[in-house]
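This is what each chain is made of:
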Amino acid sequence: MVENSLPLVSVRNLAVEFTQHGGGPVRALDSVSLDLRPGRVLGVVGESGCGKSVTARAMLRILDRNGAIKNGQILLDPGTPQQTDITALPGEGNRMREIRGGRIGLIFQEPMAALSMQYTVGNQLMEAIRVHNDPGKAVARERVIKLLTDVGIPRPETRIDTYPFQLSGGLRQRVGIALALAADPDVLIADEPTTALDVTTQAQILALLRRLQVDKQIALMLITHDMGVIAQMADDVAVMYLGRVVEFAPVNEVFGAPKHPYTQALLRSVPNLRAPPHSRLATIGGAVPQPNARPSGCPFHPRCPDMMPGRCDTTAPAPVPPGQAGASCFKVEDAARVAADVKVEVRA
Amino acid sequence: MLMYIGRRLVLAVFTCIAISVLTFIIIRLPPGDFVDAYIANLASTGSSITAEQAESMRREYGLDRPVVIQYALWLGRIVEGDFGVSMMWRRPVTEVIGDRLWLTMVVSFAALFLTWILALPIGIYSAVRQYSVGDYFFTMLGFIGLAIPNFLLALILMYLGFRYLGLSVGGLFSAEYAQAPWSLAKVWDLTKHLPLPACVLALAGTAHQIRIMRANLLDELRKPYVITARAKGIPERRVILKYPVRAALNPFASSIAYIFPYLVSGSIIVSLVLGLPTVGPLLLQALVAQDMFLAGTIVLLLGVMTVVGTLISDLLLMWIEPRLRITGR
Amino acid sequence: MSATTASSASAGASLADDRLAQAGQLRLTWLRFKRHKLALISLFIVAFFYLLAIFADFVAISDPHHTDARRSYMPPQGIHLFDENGFAPHVYGLKGSRDMKTFKMVYVPDPSKKIYIAFFAPGYEYNLFGLIPTNRHLFALINPTPVDGIFLLGTDQLGRDLFSRLAVATRISLSIGLASVGLSLVLGILLGGMSGLYGGIVDTVIQRLIELIRSIPTIPLWMGIAAALPNTWTVLQVYFAITLIISLIGWTELARVVRGRFLALREEDFVIAAELVGAGQFRIMLRHMLPSFTSHVIAAVSLALPAMIISETSLSFLGLGLRPPAISWGILLQDAQNVQVLAGAPWLLMAAVPVVLVILAFNFLGDGLRDAADPYG
């Protein structure tokens, strides 16, 4: 674990619940802990519904109306005198609005839907700048043109007055990135930024993100369900399942030596170019449970090939401690204890 | 964009032509022709005209020519400003109509204006505070507004005003201004009297528009660009008003355009109940007496003004929706 | 869906399969509809009123056409339920007295005269369902004098019982609404269908026509046409003319709904599949598209009906629609037009109650049906 700097954002034991209209509360996040460090990319991967987006939204306090943070902390600048707990701030207060865009930026999945069709690109970008320390219309416009150049949009002086519906998907996503960067945040959350794009554009966007992140030393949280993107971009990986982080490790470890049975199954299910022809695609048996029907004990146990009856279905394994590589799994815990015992024995 | 304006203009012209044809048909519907009716009218007062006079009248009005020619002649005269003569009043139609047509438009526009300023904020409120007490209250009010025909509402209001407040509610002017020439004071008097008829007229349309705004805004509020706006750090009120409301404004404005004909229609009946000096009571009288030139002219002018009003709404719509401006669709 | 495409593939299509596919759609809609309590209640209200329309004369008490100047403008008389002997519903008889101010003979209730009410009793003669002559009514007076009556809602200027007239008016007002909507439906499906199915120039022309009709203020037009109807026409002729006029203007909304559905359905996979299998245009329309938009059309119809009822009521209110001796809600409301009259006889406004109730009910019903037909639409 390379810990050369303090994290910019520390999420500790975050729990989020949604209330259904005419039903019980649904636990969307259960004891999630993450760190975002400057200059590093944290990849958050998992199937649809595992809580990746909810984490991002919770961090910006833009959850849907029926969602609430039930427990945990989201610390901005932890360990410094300016440490702030985002969960403790009033949701609509000035401080929170400063953080949105000013400290933490969000890039959305669908560029078509994420930009309003009623206003020009320039209008929306300038708004993002002027809402934080308004430098005046002229300066803001200059900055927007520079932003557009930075994200690789050709002829920004003309493009600034176009409407989003006049741009292609790739260009729109670049605008989306520009939007997130407009107020110069030091933390960037990209929620599936390339899922809606074709492969060529995807490569370009990822390269752009990488460049920007290195240039400005931004802490990037990259949310995706695509293992390929993770392999390409991430420094550290957090694997999520049903609202919990089930494994956390540097990217090489996750791909080289995955510990959690879910991670192993995910990697197995990626189609392999070198597999023999006509071999079946591996799948993970079963399906992701409905959010209001959480399994008891370990959330993955109904689909786990290594499930230990009596243990995995009764108690949940301890969550992954933040900042360390680990997996939330009894099998992994046991193996670690055995290895520690062996070490002791060997030394002795 | 020019394509769009062009299309609407052409359609407007065609509509006016269609209205003129329909009006002409209405004028010619009653049995007999204008001269017969004129003779009958004269007879009731004891005078008459000779057969030659009748013949020359017929020739003058072109009543001995084929129908299509008559239509063309009539249209030609209208373009010159000659709308014919009212039988009942024995004066040119334009004189008889006088201010009434303008007043009809004033009342209709007032109702349209009221619809806008009521439906927009209430619709927004209902959507943003969905399921709240206010939302249910306005929804119920809206349904009642839709269910009571406007003339009934006018009737009930008049009765209540009379019974409990002892006033004669209705009319557009106080007694002293009714026949007076136009002055600033008269305009002010008119403005004071406008709210009641405007409210009665506007109720059903407002209820309808509130539902449209509410439904569309609810849809828009769920969309990702709203969350983008919030994530930029914009204050919540601006987030709602600048983005989803603007998007929901499009269907709102395009359906309001078609409320205008309905308002003009409604004002006819409501003016009868409330005794407004607009075109309504005059039209009814003219139709009952089969004073066809008067009736036809009123129908024609009402139709044309409605088309113009709708066209203006369409142009307003274009100004609101950038997609229309740029792609013309 | 697979049931329908399968049935189009095999020539000897199993009728049961088709019925299941169609029943599936309708049954689903019905189940969704039942969840809207308000819409369900409205369904019952509407059904109640239509039943009333069918059995109007049965429910009516006095002959709606029978005038008697002696009992002009009588306020509503209650039914008294109990007398000295227990439960015996009755009304008070009327006795004449001279009004000291106007010196006119007026009739006022006389508590000493009790006239009893019986159920399923004989009353005035009428034809049940227009065919069966009978004189049974839901309730009627036993041995009344000609001037007596049960005046639940009072009487009008000519001494006619408002309650009975309301009941009979229901029949005409509701049936005109139904007839107009029926005609509009035919026009709407025809023109809207052609518009949506063929597209191109047919669509453009019909669309422009619809826009044209929508931009014209309707009431002046109606008034013009209605006023031109000759005075010599019978009530029935006027009835049909009014129906025609109202539907000629009201079909546009239905046409739009139908066109919209056709356009949406044209792109649906199951229609394309049927085309690929070689099914003809007409068959496609009937077998595959029709079941899909039935629910939408039903919703649009129940929303269009109240508009038609308001149209007829407005026209008759103005005196340009149906004419006496026909009885409709509009005609009844015409009596209430004058505020002076209303001040003296406010019960005349009661005619407004069924109008408002029915329109509200149809609106809720239509809303519920529309939500049930297409919850995401």
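Keep in mind the model is a prediction, meaning the values are calculated, not measured.

Remarks on the overall build of chain B
- Counting secondary structure elements, chain B contains 17 helices and zero strands.
- Structurally, chain B occupies a C-alpha span of about 85 × 55 × 35 Å along its principal axes.
- Burial status across chain B gives 42% buried among its 329 residues.
- Considering only residue pairs separated by 6 or more positions, chain B has 74% of its internal contacts joining residues 24 or more positions apart.

Quick notes on the overall build of chain A
- The secondary structure content of chain A amounts to twelve helices and eleven strands.
- Taken along its principal axes, the extent of the C-alpha atoms in chain A is 70 × 55 × 50 Å.
- Of all 348 residues assigned to chain A, the portion counted as buried reaches 43%.
- Within chain A, contacts between residues at least 6 apart in sequence are counted, and of these 65% link residues at least 24 apart.

Focus on the interface of chain B and chain A
- Listed by partner, the interface residues are 18 residues for chain B and 24 residues for chain A.
- No other element matches helix H11 (residues 224–231) of chain B, which puts six residues into the side of chain B that touches chain A.
- When grouped by side-chain class, the residues that make up the side of chain B that touches chain A number ten nonpolar, two polar and six charged.

Here we look at the interface of chain C and chain B
- Each partner contributes to the interface: chain C provides 35 residues, whereas chain B provides 43 residues.
- Put simply, the parts of the chain that give the side of chain C that touches chain B at least two residues each are helix H6 (200–215), helix H7 (218–227), helix H10 (281–318), helix H12 (339–344) and helix H13 (352–373) of chain C.
- Ranked by residues supplied to the side of chain C that touches chain B, first place goes to H7(C) with eight residues.
- Residues that form the side of chain C that touches chain B fall into these classes: 25 nonpolar, seven polar and three charged.

A word on the confidence of the model for chain B
- On average, chain B scores 80 in pLDDT, and the residues at 70 or more come to 91%.
- Across the whole predicted complex the pTM is 0.76, and at the interface the ipTM reaches 0.78.

Overview of the packing of helix H3 (residues 37–54) of chain C against helix H5 (residues 162–198) of chain C
Residues and elements named next belong to chain C.
- Look at H3 against H5: their axes get within 8 Å of each other, and the N-to-C directions meet at 110 degrees. What the angle tells us is that H3 and H5 run roughly perpendicular. Along this stretch, H3 crosses H5, giving a crossing that reads as left-handed. Contacts between H3 and H5 involve Phe49, Tyr50, Leu52 and Ala53 on the former and, on the latter, Ala167, Thr170, Arg171, Leu174 and Ser175.
- Of the residues contributing to the contact of H3 with H5, the split by class is six nonpolar, two polar and one charged.

Describing the packing of helix H15 (residues 279–289) of chain B against H7(C)
- For the pair H15(B) and H7(C), interaxial distance at closest approach is 9 Å and the crossing angle is 20 degrees. Comparing the axis directions of H15(B) and H7(C) gives the class roughly parallel. Read as a crossing pair, H15(B) and H7(C) show a hand that is right-handed. Contacts between H15(B) and H7(C) involve B:Leu283, B:Leu284, B:Leu287 and B:Val288 from the first element and C:Pro220, C:Met223, C:Gly224 and C:Ala227 from the second.
- Along the lines of polarity and charge, the residues of the contact of H15(B) with H7(C) split into seven nonpolar, one polar and no charged.

Digging into the sheet that holds strand S10 (residues 244–250) of chain A
- The mixed open sheet is built from seven strands, whose spatial order is S6-S7-S8-S3-S9-S10-S11 (chain A). Whereas interior strands pair on both sides, the edge strands pair on one side only; in this sheet they are strand S6 (104–107) and strand S11 (326–327) of chain A.

A word on the arrangement of the chains
- In this assembly two pairs of chains touch, with chains B and C having more contacts than any other pair.
- Between chain A and chain C there is no contact, and the shortest C-alpha to C-alpha separation is 14 Å.

Some thoughts on the pairing of strand S8 (residues 219–224) of chain A
Residues and elements named next belong to chain A.
- Most of S8 sits out of view: six of its six residues are buried.
- The alternating pattern of S8 places Ala219, Met221 and Ile223 and Leu220, Leu222 and Thr224 on opposite faces, both of which are buried.
- Inspection of the sheet shows strand S3 (residues 41–45) paired to S8 by five bridges, in the parallel sense. Each bridged residue has a counterpart across the sheet, and for Val41 the counterpart in S8 is Leu220.
- Pairing of strand S7 (residues 187–191) with S8, which is carried by five bridges, proceeds in the parallel orientation. If you follow Ala190 over to S8, its bridge partner there is Leu222.
- Handedness of the β-α-β unit built from S7, helix H8 (residues 199–216) and S8 comes out right-handed.

Here we look at the sheet that holds strand S5 (residues 84–85) of chain A
Residue and element names in this part refer to chain A.
- Reading across the sheet, the four strands line up as S2-S1-S4-S5 and stay open at both edges, with antiparallel pairing between neighbours. Strands with a single pairing partner mark the edges of an open sheet, and in this sheet they are strand S2 (25–36) and S5.
- Judged from the eight bridges that link them, strand S1 (residues 9–19) and S2 form a sheet pairing that is antiparallel. Directly across from Val9, in S2, lies its bridge partner Leu36.

Focus on the environment of C:Phe120
- Within the element layout of this structure, C:Phe120 appears in strand S3 (residues 105–128).
- Taking C-alpha positions, C:Phe120 is 5.2 Å from C:His137, a pair spaced 17 residues apart along the chain.

Quick notes on the pairing of strand S2 (residues 86–98) of chain C
Residues and elements named next belong to chain C.
- Where strand S1 (residues 80–83) meets S2, three bridges bridge the pair, whose relative direction is antiparallel. What sits directly across from Asp83, in S2, is Gly86.
- Counting the residues between successive antiparallel strands, the hairpin from S1 to S2 contains two residues.

Digging into helix H13 (residues 244–256) of chain B
All names here are of chain B.
- End to end, H13 covers 18 Å across 13 residues, agreeing with the expected 18 Å (1.5 Å per residue, within 8%).
- The sharpest bend along H13 reaches about 30 degrees and sits at Asn250, with the proline Pro251 one to four residues further on.
- Looking at H13, one finds that the buried residues are Pro244, Val245, Ala247, Ala248, Leu249, Phe252, Ala253 and Ile256.

Some thoughts on unusual backbone geometry
Residue and element names in this part refer to chain A.
- The phi torsion at Ser31 lies on the positive side, around 60 degrees, for a residue other than glycine.
- Residue position: Ser31 is located in strand S2.
- Phi is positive for Leu242, close to 50 degrees, though the residue is something other than glycine.
- Among the structural elements, Leu242 can be located in the loop between strand S9 (236–241) and S10.
- Looking at Leu242, the number of C-beta atoms within 10 Å reads 23, which means it is buried.

A word on the environment of B:Ser271
- The topology assignment puts B:Ser271 in helix H14 (residues 259–274).
- Here B:Ser271 is in contact with B:Leu276, B:Thr278, B:Gly280 and B:Pro281, once residues within four sequence places are set aside.

Calculation rules
Residues numbered from 1 in each chain as written. Chains lettered and ligands numbered in written order. Predicted model: local features only at pLDDT ≥ 70, side-chain atom pairs only at ≥ 80, totals over all residues. Helix = DSSP H or I, 4+ residues; strand = E, 2+ residues; numbered from the N terminus. Buried ≥ 20, exposed ≤ 12 C-beta atoms within 10 Å, placed from the backbone. Contact = placed C-beta atoms within 7 Å. Nonpolar A, V, L, I, M, F, W, Y, C, P; charged D, E, K, R; others polar. pLDDT = per-residue confidence, 0-100. Axes fitted to C-alpha atoms, helices over the stretch in contact; angles between N-to-C directions. Parallel < 35°, antiparallel > 145°, perpendicular 65-115°, else oblique. Left-handed = near helix turned anticlockwise from the far one by under 90°. Pairing = 2+ DSSP bridges. Right-handed = clockwise from strand over helix to strand, strands pointing away. Expected span 1.5 Å × (residues − 1). Bend = angle between axes of the 7 residues up to and from the residue.

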